[in-house]
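Working through the structure, step by step
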Amino acid sequence: MSHAALKFPTELKEIKYEVEDHARAFGLDFFQIIFEVLDYREINEVAAYSGFPYRYPHWRFGMEYDRLSKGHAYGLSKIYEMVINNDPCYAYLLKCNNLVDQKLVMAHVYAHCDFFKNNLYFAHTNRKMVDEMANHATRIQRYVDRYGTDKVEAFIDCCLSLENLIDCHWPCIRRREKEKPERNGPFNSAQASMPGNGSCSCEKGHDESSACSGSECRSRCSGCQGEEIEEGGFFSDDDDEPISPRRLRSKGYMEGYINPPEFLEARAKEMKTKRHEKKRFPENPEVDVLLFLIEHAPLKNWQRDVLSIIREETYYYLPQGQTKIMNEGWATYWHSRIMTEKVLKDGEVVDYADHHSGTVGGSKLQLNPYKLGLELFRDIEERWNKGRFGKEYEECEDLVTRDSWDLGLGLGRDKIFEVRRVYNDLTFIDTFLTEDFCRRQKLFVYGKEEKDPAWVIKSREFRDVKEMILGRLTNLGNPLIRVLDGNFENRGELLMAHHHEGRDLKWIFADETLVNLQRLWKRPVHLETKREGKRVRLSFDGKENEIKELD
Amino acid sequence: MYMSKRIDSDRARFKKIVRGAVRSGIRKYLSRGELIGRRGKDLVSIPLPELEIPRFRFGRANQGVGQGEGNPGDPVAIDPDAAGTGEAGSEPGEHILEVEMTIEELAEIMAEELALPNIEPRGKKNIAAEKDKYVGIAKTGPESLRHFKRTFRQALRRQIMSGTYDSKDPRVWPVKEDKRYRSWRTTFEPESNAVIIYMMDVSGSMGDTQKEIVRLTSFWIDTWLTSQYKGVERRFIIHDAAAREVDSETFFHTRESGGTRISSAYEVCLNLIREKFSPEDYNIYPFHFTDGDNFHDDDEKALKLLEELLPTANIFCYGQVDGAYGSGHFLKLLQEKAPDEEKVLSAEIKDKDGIYDALKAFLGTGR
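Attention now moves to the overall build of chain B. When helices and strands are tallied, chain B shows 10 helices and 12 strands. With 367 residues in all, chain B has 32% of them scored as buried. Once local pairs closer than 6 in sequence are excluded, the contacts in chain B between residues at least 24 apart make up 79%.

Put into structure tokens, the structure is as follows:
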């Protein structure tokens, strides 16, 4: 504790208690928060590791540190504070902040922490992530010691390249019956003998030998197609019913002629293969590509472990990406209230105003999440205070009545707390970004013609604006890519598809990402997408990138 | 909880990767203009998009949501990327990854890749000059170096502290302990200055491609020589049938028509050396770029002037770019009849890929 005391002077401690009391009185509910004061170098370092003191060794942290230091040196950016979603919650303050800044930042941090603790989308996150990250670091360090920096780092690069291929609804939807804890179920054994399935030889074979080559898989596969299928109970779950080809109606003595047994047999066989083909692998398109790779790519044990670590960390960060606008809006809303209503002293007003306007100011070309979130929360509070919601209000077309609509409900406070509990950015915008709000905030859609150097305001239509914002938030702004077939062309190749919604992929990156994917999958990999309106398939077979038009 | 300095190893690792990436891309940089204009005083900014971890991402967006005044159709901002090539675009606010590197580092990588030996400045310029510099104050020293003001200040201080100072009778008596002397440090300053004299043919037959090659080559020559010498000066001479000294801007952007008289350039160069850069004080590096289509009646004069030029220079580099027309006979002439073979380094730079070999030929001698 004495160490912490050194890092957190009494002067600030008093402010902390004051801010904490006010935050609690306003109804915020947070983890214990431990503040530490760091100089700019230290805070840049913590920021490079995205808030965690122990992370696995990787060059990109060094790169990030360089970038932040440069930004700081040239006065382009300054990190006032960092806060980690953890219990207890750690927050870092910049040493050279003046006292008003520290007050504001602390109020901001308390609101963030309240959000972490109460927002539904954070419910699945590990609240001991500081420890977990340190464990990850130790594990990866051990692999580095054993296999060498270059090898492990190159593998991490591959994993990071695929990092955004996760299922952002995964924390909320159970897509599978169970996370397949038992591996001996009939379903699993069936899957284990599917071709292209890297982890085919169950647990014990996992080590180096589990890197099952394509040819091995194929031979096993051709075996599956024969008679063993029935004996092995291959289609155990929904394929129990016997296969019986349709018979034509006939009198008993004509039976042998109208429904010749040979024909029936051939037909039965045909149906059987059809049914087999229907059974795809994966059964449904898999959005969580990382999970699919962990389960099915021919990886070595340490590689599988590294990939799981990357996946776990990605899911930990997922809600922060999903609630950027809300989280920042919420924190800004509360620092503004705590400061202006409680903590701020007369002499500090100007400094506060300066800092606050810096936080919510922005450029014309980019929506500032702090600003947008703040205004939305304020708008919600006002609407629920005055009862400006529901059918009656929505249908009211008289502007004067609308403008002076006030039922005096006073539900605003409860509403914003409810909103911070159950919404994420996408649903938040979808539900609460109203036409009035859009007009008042002067939102617009801008665009640019190909050769024209100027960005031009395209539209101020509510529909266009909202559609555009929602589009950007969908799947965290990442293209939606799913695994369609882990045994494409029956050759153990991997087929993925990009659900194209109007925006093409960045081509150079797509090719390079495929290269990295192939390093994990070992067999050729394919991605179906659209390029300038035409369906194409990008492929990488281990040697060359290829592009093929499909129509 | 904060643990310090784990970042150091990750940074070192990053630096190493950058170095590796620059090194493996050096041939590309040598033959493309990417680094030109990215050089500051001490740092070069190198675009390394390949360091970015590739992901499946969306390409450039040509729409977005903004906030503020204005009517549909009003421009809100100018896209800085649009002015250049259409392809290299990125999203607003998204930039190509760039890393900074000192010129020394870049030169070092280039030297490793081209296997360049360090330059040994020749002659007397090799000797480092000894220079005394008064840099501080000491308590002991010869009386001749006594620092009057400091001594009295010290005495005053002592008197005030001990209470013997009387403001009514403000006399100050320095004693031995008060005395302060100037102290000096001897520094060795290698007097290896260098001057690079670029000469370029701007006659009608030198097109933009040829000029681009010269520009690139000179960038790398600059980088290398700057890392080797303390002070490097650069002079530029352009010539067609007549020659004159110009600034670097003019040098790279002038286009004139007319024939070629190489001798004119050598003459201006010689005068320059005589007037401003005595070979005693300078390492002199003349570089001459031309397509080699000299007037035949000028050849002899040019060679003669070169003969005069050579003793003053460390090396003389002749780069012949492929002209649109003509034979480029001067290269052959030079190779056959050059007065001092050791010093005359010639290279034929057919295209941008030839820069690599040219640099190797020019700078590979270590002189």
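What follows concerns the overall build of chain A. Counting its secondary structure elements, chain A contains 24 helices and 10 strands. Relative to its full complement of 551 residues, chain A shows a buried share of 36%. Taking the intrachain contacts of chain A between residues at least 6 apart in sequence as the baseline, contacts between residues at least 24 apart amount to 70%.

Counting residues at the interface gives 59 residues for chain A, matched by 41 residues for chain B. Ranked by residue count, the leading element in the side of chain A that touches chain B is helix α4 (residues 59-73) of chain A, at seven residues. Where strand β4 (residues 443-447) of chain A meets strand β2 (residues 63-67) of chain B, five bridges bridge the pair, whose relative direction is antiparallel. Paired with Phe-444 of chain A across the bridge in β2 of chain B is Gly-66 of chain B.

This part covers the sheet that holds strand β10 (residues 545-549) of chain A. Pairing between the strands of a sheet is mediated by backbone hydrogen bonds and can be parallel or antiparallel. All names here are of chain A. An order of β6-β7-β8-β9-β10 is seen for the five strands of this open sheet, with the pairing classed as mixed. Both edges of this open sheet fall to β6 (481-488) and β10, since each of them pairs with a single strand only. The sheet shows a mean angle of 25° between the axes of neighbouring strands, taken without regard to direction. The sheet contact formed by strand β8 (residues 525-531) and strand β9 (residues 534-540) spans seven bridges and is antiparallel. What sits directly across from Lys-530, in β9, is Arg-535.

Residues and elements named next belong to chain B. For the pair helix α1 (residues 7-24) and helix α3 (residues 103-114), interaxial distance at closest approach is 10 Å and the crossing angle is 50°. The angle between the axes of α1 and α3 places the two elements in the oblique class. The chirality of how α1 crosses α3 is right-handed. Listed contacts from α3 to Arg-19, Val-22 and Arg-23 of α1 are Ile-109, Glu-112 and Glu-113. Partitioned by chemical class, the residues of the contact of α1 with α3 number two nonpolar, no polar and four charged.

All names here are of chain A. Judged by pairing direction, the sheet is mixed, and its three strands sit side by side in the order β1-β3-β2 without closing on themselves. Looking along the sheet, the strands with just one partner apiece sit at the ends: β1 (33-38) and β2 (81-83). Taking the axes of each pair of neighbouring strands and ignoring which way they run, one obtains an average angle of 15° across the sheet. As paired elements, β1 and strand β3 (residues 89-94) share six bridges and run parallel to each other. Within β3, the residue paired with Glu-36 across the bridge is Tyr-92. Contacts from helix α3 (residues 40-48) reach β1, β2 and β3 within the one sheet, and its direction differs from that of β3 by about 140°. Where helix α5 (residues 99-118) meets the sheet, its contacts fall on β1, β2 and β3, and the angle it forms with β2 comes to roughly 20°.

So, on to the nonpolar core. All names here are of chain A. Of all hydrophobic cores here, the largest spans 121 residues; its most connected members are Cys-89, Ala-91, Ala-107, Tyr-110, Leu-290, Val-306 and Trp-334. Per element, the largest residue contribution to this core is 11 residues, and it comes from α5. What Cys-89 contacts, discounting residues up to four positions off in sequence, is Phe-30, Phe-31, Gln-32, Ile-33, Val-83, Ile-84, Cys-113 and Phe-116.

Taken domain by domain, chain B consists of domain 1 (8-53 + 92-114), domain 2 (128-188) and domain 3 (193-363). One C-alpha centre belongs to domain 2 of chain B, the other to domain 3 of chain B, and the line joining them spans 57 Å.

With that settled, consider the domain arrangement of chain A. Taken as a whole, chain A is organised into domain 1 (2-119 + 323-343), domain 2 (186-245 + 254-283), domain 3 (361-474) and domain 4 (479-549). Once you take the C-alpha centre of each, domain 1 of chain A and domain 4 of chain A turn out to be 41 Å apart.

Right, let's get into the pairing of strand β5 (residues 454-459) of chain A. The pairing of β4 of chain A with β5 of chain A spans three bridges and is antiparallel. Paired with Val-445 of chain A across the strands is Ser-459 of chain A, a residue of β5 of chain A. The antiparallel pairing of β4 of chain A with β5 of chain A creates a hairpin that spans six residues between the two strands. Sheet analysis places β5 of chain A next to strand β3 (residues 75-78) of chain B, joined by three bridges and oriented antiparallel. The residue of β3 of chain B that forms the bridge with Val-456 of chain A is Pro-75 of chain B.

All names here are of chain A. Over its 18 residues, helix α17 (residues 369-386) runs 25 Å from end to end, which matches the ideal 26 Å to within 8%, given 1.5 Å per residue. Within the sequence span of α17, burial applies to Tyr-370, Leu-372, Gly-373, Leu-374, Glu-375, Leu-376, Phe-377, Asp-379, Ile-380, Arg-383 and Trp-384. Against the buried residues of α17 lie α15 (324-343), α16 (349-360), α20 (412-422), α21 (425-432) and α22 (435-440). Taken from the residues just after α17, Gly-387 is the one with a positive phi, measuring 75°.

As a further point, take the confidence of the model for chain B. Residues and elements named next belong to chain B. Mean pLDDT over chain B stands at 80; residues scoring 70 or higher make up 86%. The low-confidence segment residues 82-93 (pLDDT under 50) makes 14 contacts with residues lying over four places distant or belonging to another chain. This complex was scored by the predictor with a pTM of 0.74 and an ipTM of 0.78.

Below, the discussion takes up helix α10 (residues 354-363) of chain B. Residues and elements named next belong to chain B. Of the residues making up α10, those classed as buried are Gly-354, Ile-355, Ala-358, Leu-359, Phe-362 and Leu-363. The buried residues of α10 all sit within an arc of 140° when viewed along its axis, so they share a single face. Check the buried side of α10 and you find it contacts α2 (26-31), α3, α5 (208-228), β11 (316-321) and β12 (344-349).

What follows is about the environment of Leu-480 of chain A. Tracing the backbone through its elements, the reader meets Leu-480 of chain A in the loop between α23 (462-473) and β6. In this structure, the C-alpha to C-alpha distance between Leu-480 of chain A and His-498 of chain A, residues 18 residues apart in sequence, is 5.8 Å.

We now examine unusual backbone geometry. For residues that are not glycine, phi is negative in most cases, and the peptide bond is trans in most cases. Residues and elements named next belong to chain A. In this model, Asp-87 is joined to Pro-88 through a cis peptide bond whose omega is 0°. Secondary-structure assignment places Pro-88 in the loop between β2 and β3. Positive phi, close to 60°, is recorded for Lys-442, a residue that is not glycine. Within the secondary structure layout, Lys-442 lies in the loop between α22 and β4.

Averaged over every residue, the pLDDT of chain A is 84; the share at 70 or more is 86%. For the stretch residues 180-238 of chain A, pLDDT sits under 50, and the model shows 67 contacts to residues farther than four places along the chain or on other chains.

All names here are of chain B. Inspection of the secondary structure puts Gln-320 in strand β11. Assessed through the 26 C-beta atoms surrounding it within 10 Å, Gln-320 is described here as buried. In this structure, the C-alpha to C-alpha distance between Gln-320 and Ser-248, residues 72 residues apart in sequence, is 20 Å. Apart from the residues lying within four places of it in its own chain, the contact partners of Gln-320 are Thr-290, Asp-291, Gly-292, Gly-328, Leu-331, Ser-346, Glu-348 and Ile-349.

Here is what the cut-offs are and how they apply
Residues numbered from 1 in each chain as written. Chains lettered and ligands numbered in written order. Predicted model: local features only at pLDDT ≥ 70, side-chain atom pairs only at ≥ 80, totals over all residues. Helix = DSSP H or I, 4+ residues; strand = E, 2+ residues; numbered from the N terminus. Buried ≥ 20, exposed ≤ 12 C-beta atoms within 10 Å, placed from the backbone. Contact = placed C-beta atoms within 7 Å. Pairing = 2+ DSSP bridges. Axes fitted to C-alpha atoms, helices over the stretch in contact; angles between N-to-C directions. Parallel < 35°, antiparallel > 145°, perpendicular 65-115°, else oblique. Left-handed = near helix turned anticlockwise from the far one by under 90°. Nonpolar A, V, L, I, M, F, W, Y, C, P; charged D, E, K, R; others polar. Core = buried A, V, L, I, M, F, W, Y, C linked by C-beta atoms within 7 Å. Domains from an automatic or database assignment. Expected span 1.5 Å × (residues − 1). pLDDT = per-residue confidence, 0-100. Arc of directions from axis to C-beta.

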